[in-house]
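Chain by chain, the residues run as shown.
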Amino acid sequence: MFLKKNLWGTVFSQWEQLEKTNEAFITSAFIDTDEIHNNVISDVYTYDGEHISSKEFEYNSLLNALTLEEKESERFIVKFLNINSEYSEYAPSFYDGELVFASSRNISSISKTFDEQNDQPFLDLYITAKKSDKQKAKKLKGGVNTKFHESSAVFSKDKKTVYFTRNNYSNKVPKRNTKGTVLLKIYSANYDEGKWKNVVELPFSSDEYSIAHPALSPDGKFLYFASDMPGSFGESDLYVVEIKEDGSFSAPKNLGGQINTDGRETFPYISDRGKLFFASDGHKGLGGLDIFMALPDQNKDIMVYNLEEPINSPHDDFTFIINEENEIGFFASNRKGGKDNDDIYGFRQLVSFPKAYQPRLKTIKKLERIIDVKANEEGYPRFEPTDHVFE
């Protein structure tokens, strides 16, 4: 069986490239490099000849173990990882000192089901071997993976719940919308006795539009995702729901016109310090999908910044994650130099992101107060829906 996937929802290497490369967006986005570097360098030690944060970081050894090549810039060391195959790999996620990621490498699948757009096996969720490049990545155990697409997993702080993206699939049968297309939904599962069980569809999913690519706030109280539901600004927008104490969800709320454009906004990620990152081809960038960061200015208006090279490229760059405390992260790209599909890259951040940007930089337009900016205990910004959103 061949299923046509939603183009903004899964593998990006098949997207048509934009006819022209957009100019770099706000090259002065980062505050003075030397000033930040001086703050960082006061608290470092040497690892394999490189300076990294002296704070304990379990993913550093994993990053080094998985590294094949690297490219260094003023702000990042970007590394190509050996978990990549000739098939598509993307959507890395932190989990218990490992990476969980989506891959279409399942050539031994009994179903031998291939995607009609790229003639590759459907995506499954995999986890890296424990801090070693000598063992192959393994599929997540339990009922998460099926013969259709699974991707974009995010895990609760207690590691007992996973939210992930899957084709609209129930009782071993794909469901189609009124146009005959199998779309995407977000599902959850619980970890029990070494396996992921009790897979359920989230209640705000729909058979008529896609909901995909979940991300959790650091406190686990809000779930962000991408959707093309009615009322979206563009091809796909970023939305948020509140996860209530009883486990129920509020109605989805659009993050507004400061974040969303008439293009594609997708793959949100909220860092441990509360910064919102996402992929977009609607904001000005280097071409294709670029990775952006949203930060408040001193008036708490939201500004969107392109992370620029070497994180972004003229090709599709997406599924960005970072542990800001330890300055290690991962993302996916179909840029040249990879294996001709979506590949996962790791990076070490040499210059920390600022808490907020200089007031001389102007906002593009006023934020629609769908989200508010509050400070956490360390003074870093935190994106949260305003109280009136969930009345």
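Residues numbered from 1 in each chain as written. Predicted model: local features only at pLDDT ≥ 70, side-chain atom pairs only at ≥ 80, totals over all residues. Heavy atoms only, no water.

1. Quick look at the sheet that holds strand 10 (residues 161-167)
- Read from one edge to the other, the open sheet built from four strands follows the order 9-10-13-14, with strand pairing classed as antiparallel. Looking at the sheet topology across the chains shown, the edges are occupied by strand 9 (150-155) and strand 14 (195-201). Going from strand to strand, the sheet's axes swing by 30 degrees on average, the running direction of each strand aside.
- The pairing of strand 10 with strand 13 (residues 184-192) spans seven bridges and is classified as antiparallel. Its bridge partner being in strand 13, T165 is matched across the sheet by I186. (Pairing = 2+ DSSP bridges. Helix = DSSP H or I, 4+ residues; strand = E, 2+ residues; numbered from the N terminus. Axes fitted to C-alpha atoms, helices over the stretch in contact; angles between N-to-C directions.)

2. Some thoughts on the sheet that holds strand 6 (residues 98-103)
- Here four strands make up an open sheet; going across it, the order is 5-6-7-8 and the pairing antiparallel. The open sheet is flanked by strand 5 (89-95) and strand 8 (138-139), the only strands paired with a single partner.
- With five bridges joining them, strand 5 and strand 6 adopt antiparallel strand pairing. Considered in strand 6, the bridge of Y95 is made with E98.

3. Structural notes on the confidence of the model for the protein chain
- On average, residues of the protein chain carry a pLDDT of 76, and 71% of them reach 70 or more.
- Segment residues 109-118 is flagged for pLDDT under 50; beyond a separation of four residues in sequence, or across chains, it makes 28 contacts in the model.
- Overall, residues 358-370 carries pLDDT values under 50, and its contacts beyond four positions in sequence, including any with other chains, amount to 39 contacts. (pLDDT = per-residue confidence, 0-100. Contact = heavy atoms within 4.5 Å.)

4. Section: the pattern of salt bridges
- Evaluated as defined, the whole model comprises eleven salt bridges.
- K275 is the partner of E324 in a salt bridge, and the nearest nitrogen-oxygen pair spans 3.0 Å. With a gap of 49 residues between them, E324 in the loop between strand 23 (317-323) and strand 24 (328-333) and K275 in the loop between strand 19 (265-270) and strand 20 (276-280) connect regions that are remote in the sequence. Side by side, E324 and K275 carry an identical accessibility label, which is buried. (Salt bridge = Lys/Arg side-chain N within 4 Å of Asp/Glu carboxyl O. Buried < 20%, exposed > 50% of the residue type's maximum accessible area, 1.4 Å probe, protein only.)

5. Description of the nonpolar core
- Counting 31 residues, the largest nonpolar core has F277, L307, I311, F320, F330, F331 and F347 as its most contacted members.
- Only helix 2 (59-65), strand 4 (76-81), strand 6, strand 21 (290-296), strand 23, strand 24 and strand 25 (343-349) provide two or more residues apiece to this core.
- Sequence-distant contacts of F320, that is, excluding residues within four places in its chain, are made with Y269, F277, I291, L307, I311, F330, F331 and F347.
- Counting 22 residues, the second largest nonpolar core, distinct from the first, contains Y90, V100, V162 and A189. (Core = buried A, V, L, I, M, F, W, Y, C linked by side-chain atoms within 4.5 Å.)

6. Considering the environment of F80
- Relative to the helices and strands, F80 is located in strand 4.
- With 257 residues separating them in the primary sequence, F80 and G337 have C-alpha atoms 9.1 Å apart.
- In contact with F80, other than residues within four places in its own chain, are L66, T67, L68, E69, G338, K339, D343, I344 and Y345.

7. Quick notes on the environment of P214
- Position of P214 among the secondary structure elements: in strand 15 (residues 211-216).
- In this structure P214 comes out as buried when scored by relative accessible area, which is 7%.
- Taking the C-alpha atoms as reference points, P214 and K185, separated by 29 residues in sequence, lie 9.9 Å from one another.
- Beyond its immediate chain neighbours, meaning those up to four positions away, P214 contacts S152, V154, Y163, F164, T165, I186, L223, Y224 and F225.

8. So, unusual backbone geometry
- Put simply, E309 and P310 share a cis peptide bond, and its omega is 5 degrees.
- Secondary-structure assignment places P310 in the loop between strand 22 (302-306) and strand 23.
- We note that K159 has phi near 65 degrees; this positive angle belongs to a residue other than glycine.
- Along the chain, K159 turns up in the loop between strand 9 and strand 10.

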